[in-house]
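# Understanding the architecture of this molecule
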Amino acid sequence: MSDWRNMNKDELEHQFSPSRWSHRMSADDVIRAHVAALKAGTEKARSITQTLLDVPYGDRDGEKLDVYVPSSSSPDVPLLIYFHGGYWQFLSKNESGFLAVPLVQRGVVVVAVGYSIAPEGDMDLMVSQVRRSLVSVIQQYSHISGLYLCGHSAGAHLAAMVLSTDWTQYNISPQIKGAFLVSGVYDLQPILSTYVNEPLKMTEEVALRNSPSHFLPQLKRSSASCDIIVAVAQNDSPEFRKQSEEYFKALQSAGLKVSYEDVPNTDHFNIIEQLVDEDYHLTKLLLKMMGKS
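Everything in this summary refers to the structure shown in the same document. Owing to the predicted nature of the structure, the values given are computational and were not obtained by experimental measurement. (Residues numbered from 1 in each chain as written. Predicted model: local features only at pLDDT ≥ 70, side-chain atom pairs only at ≥ 80, totals over all residues. Heavy atoms only, no water.)

## Thoughts on empty space enclosed by the protein
Taken as a whole and assessed by the stated rule, the structure comprises one cavity of 30 Å³ or more. Estimated volume of the largest cavity: approximately 30 Å³. Leu-38, Tyr-82, His-84, Gly-85, Leu-91, Ser-92, Glu-95, Ser-96 and Phe-98 together form the lining of the largest cavity. Here the residues of the lining of the largest cavity are counted per class, giving four nonpolar, four polar and one charged. (1 Å grid on protein atoms, 1.4 Å probe; cavity = no way out; pocket = protein on both sides within 12 Å on 5 of 7 lines; lining within 4 Å. Points joined across faces, edges and corners; volume = space filled by probe spheres on them. Nonpolar A, V, L, I, M, F, W, Y, C, P; charged D, E, K, R; others polar.)

Below, the structure is given as structure tokens:
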């Protein structure tokens with residue numbers, strides 16, 4: 001496949017418009033259906049699990065968490081932090097509890113993280129926020145048996161940036177046991193000239209310092225023992241698939257514990273929507289990673 005640097009703006013916009021690659025419905029319909037599915041799943045999770053909503057982790061309005069808590073009172077429970085997608089400019093934690101039901105039922109605490117999407121927040125701020133959200137979670141939940149991350153699309157990018165954190169400035173050294181990166185963007189340079197960057201206003205310098213693909217040595221220092229799964233949809237665009245493939249290969253070459261999941265019969269949206277289903281392949285993998293299968 002040709003290098004993104006040889007593509008014109010229209011080609012790049014097409015490659016980085018995931019809704020145009022779904023085989024299920026039109027671009028507008030697939031986005032509408034995605035938002036509806038996440039909202040319905042989150043409403044269900046809030047109706048049948050114990051929740052702590054809008055827990056602050058910082059002073060800004062957007063710096064809040066939603067926590068979905070198992071009813072079992074076991075002191076040592078795994079905790080999964082979820083970072084939502086939406087190209088750093090759509091969605092919020094309020095649609096991000098959908099994956100909680102099958103996990104909470106197996107005794108997993110699920111934390112959905114809010115962050116300041118563009119144009120209110122820029123990329124540096126969002127990366128700082130998700131890092132601070134993890135510090136806050138560790139401080140609030142000291143008795144967990146393991147800390148795990150999951151992110152979709154922009155959220156997979158943010159999860160990868162969390163894995164690549166130099167924690168010395170936070171006076172903490174979190175032991176992240178596992179990370180589930182679903183249909184992510186790991187090199188931000190190709191989106192600089194596209195519509196995606198219009199509200200983000202990233203310069204090349206900002207894109208480089210927030211691209212996980214440039215921080216493999218730091219990831220190895222910070223998250224050497226982390227079990228990483230890089231997942232991608234069969235019907236993600238070729239460039240999205242390439243981002244996942246190349247990041248997986250780079251992690252593998254760096255000697256990290258990583259596996260690659262190419263999920264059949266999925267697109268960029270239903271690859272994550274189906275985490276509401278305990279029988280879905282990725283739900284089973286997530287539970288297995290946390291020792292809950």
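## Some details on the pairing of strand S2 (residues 64-69)
Taken together, the five bridges between strand S1 (residues 50-56) and S2 define a ladder with antiparallel strand orientation. Bridge pairing in S2 links Thr-51 to Tyr-68. In the sheet, S2 pairs with strand S4 (residues 109-113) via four bridges, with the strands oriented antiparallel. Within S4, the residue paired with Leu-65 across the bridge is Val-113. (Pairing = 2+ DSSP bridges. Helix = DSSP H or I, 4+ residues; strand = E, 2+ residues; numbered from the N terminus.)

## Digging into the side chain of Glu-273
Note that Glu-273 resides in helix H10 (residues 270-273). Buried Glu-273, no salt bridge; nearest opposite-charge side chain is Arg-24, N-O distance 4.3 Å. A distance of 2.7 Å separates the side chain of Glu-273 from the side chain of His-34, its partner in a polar contact. Not counting residues within four places of it along the chain, the set of residues in contact with Glu-273 comprises Arg-24, Ala-33, His-34, Ala-37, Leu-38 and Phe-98. (Buried < 20%, exposed > 50% of the residue type's maximum accessible area, 1.4 Å probe, protein only. Lys, Arg positive; Asp, Glu negative; His and termini not counted. Salt bridge = Lys/Arg side-chain N within 4 Å of Asp/Glu carboxyl O. Polar contact = N/O pair within 3.5 Å; in protein donor to acceptor, adjacent residues only side chain to side chain. Contact = heavy atoms within 4.5 Å.)

## Comments concerning the nonpolar core
Of all hydrophobic cores here, the largest spans 62 residues; its most connected members are Ile-81, Trp-88, Val-111, Leu-149, Leu-181, Ile-228 and Leu-251. Looking at this core, the element that brings in the most residues is helix H5 (residues 154-163), giving eight residues. In this structure, Ile-228 is in contact with Leu-163, Ala-179, Leu-181, Leu-219, Leu-251, Lys-257, Val-258 and Ser-259, ignoring residues within four places of it in sequence. (Core = buried A, V, L, I, M, F, W, Y, C linked by side-chain atoms within 4.5 Å.)

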